[in-house]
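Examining the three-dimensional arrangement
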Amino acid sequence: MESNENNPSGGSAGDIDFGFRKVSEIDHTSMVRDVFSSVAGRYDLMNDLMSGGLHRLWKAALLDRLNPRADDLLLDVAGGTGDIADGFLKRGGRAALICDINTDMLSAGSDRSLDRGAVQGPSRVCGDAAALPVPDAVADSCTIVFGLRNVTRRQQALTEMRRVLKPGGHFICMEFSPAVLPQLKPLYDAYSFRVLPWLGERIAGDGDSYGYLAESIRRFPDPETLSTEMADAGFGNINITPLTGGIVWQHSGWRI
Ligand code: SAM
């Protein structure tokens, strides 16, 4: 039986954190789907506004680290509107496949590609990170960016992302974290719990989804725990890097 994998601290099966609430596994998946269906049309604009453009720098740092080679294939899990996949192709990667559970997010991304007149953009497939519709050992790199926090079965998703990598393939998870520098915390908390929902309401017409964002970050495991979960999924040479005072962390690992 599948257990409450995004809540390894305990509770009965089905007790999964959706922000500060406990919900069943089935409810978690559908509530996350509702969040991203609700914000898909304004997702990119909100990212720029709420991070003051910082998300672009964080994503550029991840792409620097990935350093695509001309024959590389990337699988970007929970890839949303496609920032990482687009950046990977721009930097010379051969092909990029986005897998996301939400068709509204995938459609917003393909509309954006069309608007930009992209000739050869990423491919897109709808699927769950915990059951990737991708064969074994096909990807040179696999990423999940601001996605793992939303995944219902996190440990299973990590195992899946290792499965689809070629031996020697590189995995990077980039995610918001509760492990923020103590001196930043009061300001960061005020921003997250007051400004974000306010901005979400005004720009995306949905304050609750941005309230969920703030809460889900506080429920996400600390960097050391996530490293252990990666090791349990079979990743090796794990390395963790904080960005912007620990607001965001990169977890890098390899299929060895
Ligand atoms: N990676 C993109 C970015 O950085 O802009 C999108 C991140 S967005 C915050 C989170 C994405 O995770 C959404 O597009 C959502 O649909 C997707 N997602 C949530 N649960 C998922 C799951 N179980 N499997 C695949 N994608 C999932």
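A few points on the structure. (Residues numbered from 1 in each chain as written. Predicted model: local features only at pLDDT ≥ 70, side-chain atom pairs only at ≥ 80, totals over all residues. Heavy atoms only, no water.)

Considerations on the pattern of salt bridges
Going through the model one piece at a time under the given rule, you end up with 17 salt bridges. Salt-bridge contacts for K185 lead to D189; the nearest nitrogen and oxygen are separated by 2.9 Å. Taken together, the residues K185 and D189, both in helix α7 (residues 185–204) and four residues apart, mark about one turn of the helix. The partly exposed category is assigned to K185, whose relative accessible area is 38%. By sharing partners, the salt bridges in this structure join D44, K59, D83, D86, R112 and R116 into a single network. (Salt bridge = Lys/Arg side-chain N within 4 Å of Asp/Glu carboxyl O. Helix = DSSP H or I, 4+ residues; strand = E, 2+ residues; numbered from the N terminus. Buried < 20%, exposed > 50% of the residue type's maximum accessible area, 1.4 Å probe, protein only.)

Details of the packing of helix α1 (residues 25–39) against helix α8 (residues 207–219)
Where α1 contacts α8, the axes come no closer than 9 Å and their chain directions differ by 125 degrees. Looking at the two axes, α1 sits oblique to α8. Pair α1 / α8 crosses with left-handed handedness. Two secondary-structure elements touch here, α1 through V32, V35, S38 and V39 and α8 through S209, Y210 and Y212. (Axes fitted to C-alpha atoms, helices over the stretch in contact; angles between N-to-C directions. Parallel < 35°, antiparallel > 145°, perpendicular 65-115°, else oblique. Left-handed = near helix turned anticlockwise from the far one by under 90°. Contact = heavy atoms within 4.5 Å.)

Structural notes on the nonpolar core
If you look at the biggest cluster of nonpolar residues, it comprises 41 residues, and the most contacted ones within it are W58, M174, F176, Y210 and V248. Discounting residues that sit within four places of it in the chain, W58 has contacts with S51, F146, M174, F176, L243, T244, I247, V248 and Q250. The next biggest cluster of nonpolar side chains, apart from the first, holds 23 residues, and it includes L75, C99, L132 and L148. (Core = buried A, V, L, I, M, F, W, Y, C linked by side-chain atoms within 4.5 Å.)

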